[in-house]
Amino acid sequence: MKAPVITKNSRIKDLYQTPMGKDLVHKVLLQMNQKRTIITNPIVSHLKIKTVEKLLKKQFDPNFFDALLTLVNQERTLPSKTSTIQETWWKEAVFYQIYPRSFCDANQDGIGDIQGIISKLDYLQAIGVNAVWLSPIYDSPNDDNGYDIRDYYQILDTFGSMEDFELLLNEVHQREMKLIMDLVVNHTSDEHEWYKQAVEDTQSKYHDYYIFRSSKEIPNNWKSFFGGPAWRYESTINEWAMHLFSTKQMDLNWENNEVQEDIMSMIRWWLDKGVDGFRMDVINYLSKAKGLPDGNKTISDMIGYTGIEHYFYGPKLYDYLTKIKKQAFMPYNAFSVGEMPGIGMEMGKLLTGDDRHALDMFFSFDHLEAPGHVRFDDYVYDLNDLKDYLIDWTLNYGNHCWMALFYNNHDNPRFISKVSKQPEHRPYLSTLLAVIQLTLKGTPFIYQGDEIGAINQAFPNMNELRDVESLNMYQSYLETSNEQEAFNKVLAGSRDHTRVPMKWDQRNVGFSKGVSWIKGFDDTEGYDVESQMKQERSIWHSYQLLIELRKNNRALIYGDVVFYKAKKKDYFMYQRIDQDQVFWIECNLSSQPLKRCLDLQNKKLVYSNYEQTSNVLRPYEATIYRLR
Ligand code: TEU
Ligand code: CA
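As a starting point, this report considers the structure included with it. Not measured: the values here are computed from a predicted model.

## Brief notes about the site of ligand 1
Point 1. Around ligand 1 sit 19 residues in total, of which D144, D281, R375, D411 and R495 are the nearest.
Point 2. At 2.9 Å, a side-chain N or O of H187 approaches an oxygen atom of ligand 1.
Point 3. Here an oxygen atom of ligand 1 sits 2.8 Å away from a polar atom, N or O, in the side chain of R375.
Point 4. The fraction of the free accessible surface of ligand 1 (490 Å²) that becomes covered by protein chains is 93%.
Point 5. Here the shell around ligand 1 is composed, by residue class, of seven nonpolar, three polar and nine charged.

If you want it as structure tokens, here you go:
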């Protein structure tokens, strides 16, 4: 089924019926912190696009609506409606993301490594996770901590050798766990052999592996995610080269068949080794619009990135993904989860639906910031926004798609720190989030440290930060603010909060006896693995118990989800139900006591994050009851 072509004579409601149109409208409303009803009300929804264009002439860039229509009409396929859930291992698995640099350092040089990870596999097994995602461990000059790959076929020497990796993979499989690698193929390092040859000799076939332009002026107005323009000038060949991320992360030209072939054989090479799948870095950015047109000013003001409409869902993206799936993943039955910033629910259905043969799952990021906010804002996150997001996705994503459930990764400050910085809330908040993550429908991705309630770090100054994004942001903030203000701004959103060493013990020697490459600044007693494993009702033990519960009860994996009293503020209640089991999850999303609505008669308490049960829900209380 296809949606009709949208023209300026179409009405807002027609636009809203297309997958891209719906996602974009939702995105803009989220950004503006507006309710969806302002668009679905009959007066607005009947307006013709050209009328809206006239009304908004003053505020909007003259080409905004043309840009919008191009984007919307590029994908008119309608997502299929619901079908039955296809059961498979990755829907049942509990994933754990490891940031190798900061997980465990076996040779005491201050940097985490593969032997360190091997030494912690029993630990992972003890929590109960059964799949591991490794952030990049390939050879890299580490401009962006491994997301700038120099050689796809080598292990970074600081992390160990290929033998170490093979041992790791073997040890993982011995424990009946799965291992997925990070696949970074939107760009390579500028130190990759391909790029070196590309700038050395413009006649070399590798020149066409990247995106070069030989104009006198900068080729377009696109911005890099890490600050400045998305182009760097190569003076030896008088050409511009595109980089959407750091100046050392050069975008590959996916239009070139040989690039595709080389990447495909690389993927197969790793699958031949036995890896179980991939987390695909910014995989929705692969296809760039023909002619690389300038980014629209209005979109740039709204979204914050200039040019993004030309590559976040490029014209060939779906082709590339299905090709990778067919030629590389399918023969190995490999699993894929795409990291796709900017992709909303409807487009997500088109990219991950069972019937679409592109990706298995994807990471959506809309729940990580409250409506109207961006990562570098310092604000308090209201969990009612998380609830709204989870309800919307759970009810509308469909059985042919499957959600990834997560709060943290290596690209964001710690989620609980956004909600409350009060020390007394920390254990309850952590376990409340764990309950939600492990009892809703989707695959949980736990990020290292979640299981001990890790929070943001009190970095004292810029010298303690390492991330290229933070360092660049600081420089650009300095143009308009003083040092203290710039530092505070960086601190609110810095990715380094989640990149500090894993806190294995109070004295901080469990990660490394050497000087660690980045220091952690949270020494609150009791918030390390050693203490929490000893302590009976710790966050760690809650994770363990909840994972176990999910594993042993199919209703918590494949069962239906029924929400109750969804409109009641601060209150989150739902049921997981199948033919055999019924679970009730009842939570307080606020720091104030709240009345219970669940009738506890005939129900057995399975889990509570408070010691004694009570008739009121205490701050951030989360309980699981079972009927039958
Ligand atoms: O991240 C992509 C991405 O768009 C963001 O999450 C990014 O970290 C930031 O928000 C940009 O402002 C992926 C990786 O997860 C990240 O670590 C890499 O730096 C990036 O791609 C480039 O490879
Ligand atoms: Ca090391």
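There's more to say after this.
## Section: the pattern of salt bridges
Point 1. Counted by the stated rule, this structure contains 41 salt bridges.
Point 2. A salt bridge links D360 to K325; the shortest N-O distance between them is 3.0 Å. With a gap of 35 residues between them, D360 in the loop between α15 (345-352) and β13 (361-363) and K325 in helix α14 (residues 317-329) connect regions that are remote in the sequence.
Point 3. What makes D360 buried here is its relative accessible area of 11%.
Point 4. Given the relative accessible area of 10%, K325 is considered buried.

## So, the pairing of strand β18 (residues 582-588)
Point 1. Most of β18 sits out of view: seven of its seven residues are buried.
Point 2. Alternating residues of β18 divide into V582, W584, E586 and N588 and F583, I585 and C587, and every residue in both groups is buried.
Point 3. The pairing of strand β17 (residues 571-577) with β18 spans seven bridges and is antiparallel. Across the sheet, the residue bridging to Q575 is W584, located in β18.
Point 4. In this antiparallel pair of consecutive strands, β17 and β18, the connection spans four residues.
Point 5. As paired elements, β18 and strand β22 (residues 622-627) share six bridges and run antiparallel to each other. Paired with E586 across the bridge in β22 is T623.

## Quick word on the side chain of Q581
Point 1. Structurally, Q581 is set in the loop between β17 and β18.
Point 2. Polar side-chain contacts of Q581 include one of 3.2 Å to the backbone nitrogen of A555.
Point 3. Beyond its immediate sequence surroundings of up to four residues, Q581 is in contact with N553, R554, A555, R576, R626 and R628.

## A short note on helix α16 (residues 383-396)
Point 1. The terminal C-alpha atoms of α16 lie 20 Å apart, and with 14 residues this matches the ideal 20 Å at 1.5 Å per residue to within 8%.
Point 2. Among all positions in α16, only L383, N384, L386, K387, Y389, L390, I391, D392, W393 and T394 are buried.
Point 3. For α16, the N-terminal capping position is held by D382, with its side-chain oxygen 2.9 Å away from the main-chain nitrogen of N384.
Point 4. Within two residues after α16, G398 carries a phi angle of roughly 95°, on the positive side.

## Comments concerning the coordination of the calcium ion (ligand 2)
Each donor-metal-donor angle would ideally measure 109.5 degrees in four-coordinate tetrahedral geometry, or 90 or 180 degrees in six-coordinate octahedral geometry.
Point 1. In this structure, D105 (OD), N107 (OD1), D109 (OD), I111 (O) and D113 (OD) serve as the protein donors to the calcium ion (ligand 2), at separations of 2.2 to 2.3 Å.
Point 2. Considered as a linear motif, the donors of the calcium ion (ligand 2) on their single chain read D-x1-N-x1-D-x1-I-x1-D.
Point 3. What makes D113 buried here is its relative accessible area of 4%.

## Some thoughts on the sheet that holds β18
Backbone hydrogen bonds hold the strands of a sheet together, and the pairing may be parallel or antiparallel.
Point 1. Pairing in this open sheet of five strands is antiparallel, and the strands run β16-β17-β18-β22-β20 from one edge to the other. The sheet is open, and its two edges are formed by β16 (560-564) and β20 (604-608), each paired on a single side. Here the average twist between neighbouring strands, direction ignored, is 20°.

## Quick word on the packing of aromatic side chains
Point 1. Counting across every chain of the model gives 51 aromatic pairs.
Point 2. Arranged with centres 5.2 Å apart and planes meeting at 70°, the rings of F103 and W504 form a pair that is edge-to-face. Of this pair, F103 sits in the loop between β1 (95-98) and α8 (114-119) while W504 sits in the loop between α20 (483-493) and α21 (529-534), and the two are 401 residues apart along the sequence. A single burial state applies to F103 and to W504, both of which are buried.
Point 3. Between W222 and Y311 the ring centres are 5.3 Å apart and the planes differ by 50°, which places this aromatic pair in the tilted class. Note that W222 is positioned in the loop between β7 (212-213) and β8 (231-234) and Y311 in the loop between α13 (297-303) and α14, a separation of 89 residues in sequence. Neither W222 nor Y311 differs from the other in exposure class; each is buried.
Point 4. Feature note: the residues W89, W90, F95, W133, F335, F363, F365, F406 and F445 constitute an aromatic cluster, connected by ring pairs.
Point 5. Geometry around W269 places K273 over its ring, the cationic atom sitting 4.8 Å from the centre.
Point 6. Positioned above the aromatic ring of Y571 is the side chain of K568, whose terminal nitrogen or guanidinium carbon lies 5.4 Å from the ring centre.

## Some thoughts on empty space enclosed by the protein
Left-over empty space is what a probe sized like a water molecule reveals as it rolls over the atoms.
Point 1. Across all of its chains, the model carries seven cavities of 30 Å³ or more by this definition.
Point 2. A volume near 90 Å³ is recorded for the largest cavity.
Point 3. Those elements that provide at least two residues to the lining of the largest cavity are α17 (415-419) and α18 (426-439).

Calculation criteria
- Residues numbered from 1 in each chain as written.
- Chains lettered and ligands numbered in written order.
- Predicted model: local features only at pLDDT ≥ 70, side-chain atom pairs only at ≥ 80, totals over all residues.
- Heavy atoms only, no water.
- Near = heavy atom within 4 Å.
- Polar contact = N/O pair within 3.5 Å; in protein donor to acceptor, adjacent residues only side chain to side chain.
- Areas by Shrake-Rupley, 256 points an atom, 1.4 Å probe, with all protein chains shown as cover.
- Nonpolar A, V, L, I, M, F, W, Y, C, P; charged D, E, K, R; others polar.
- Salt bridge = Lys/Arg side-chain N within 4 Å of Asp/Glu carboxyl O.
- Helix = DSSP H or I, 4+ residues; strand = E, 2+ residues; numbered from the N terminus.
- Buried < 20%, exposed > 50% of the residue type's maximum accessible area, 1.4 Å probe, protein only.
- Pairing = 2+ DSSP bridges.
- Contact = heavy atoms within 4.5 Å.
- Expected span 1.5 Å × (residues − 1).
- Donors = N, O, S within 2.8 Å, 3.2 Å for Na, K, Ca; no water.
- Axes fitted to C-alpha atoms, helices over the stretch in contact; angles between N-to-C directions.
- Phe/Tyr/Trp six-rings, centres within 6.5 Å; stacked < 30°, edge-to-face > 60°.
- Lys NZ or Arg CZ within 6 Å of the ring centre and 35° of its normal.
- 1 Å grid on protein atoms, 1.4 Å probe; cavity = no way out; pocket = protein on both sides within 12 Å on 5 of 7 lines; lining within 4 Å.
- Points joined across faces, edges and corners; volume = space filled by probe spheres on them.

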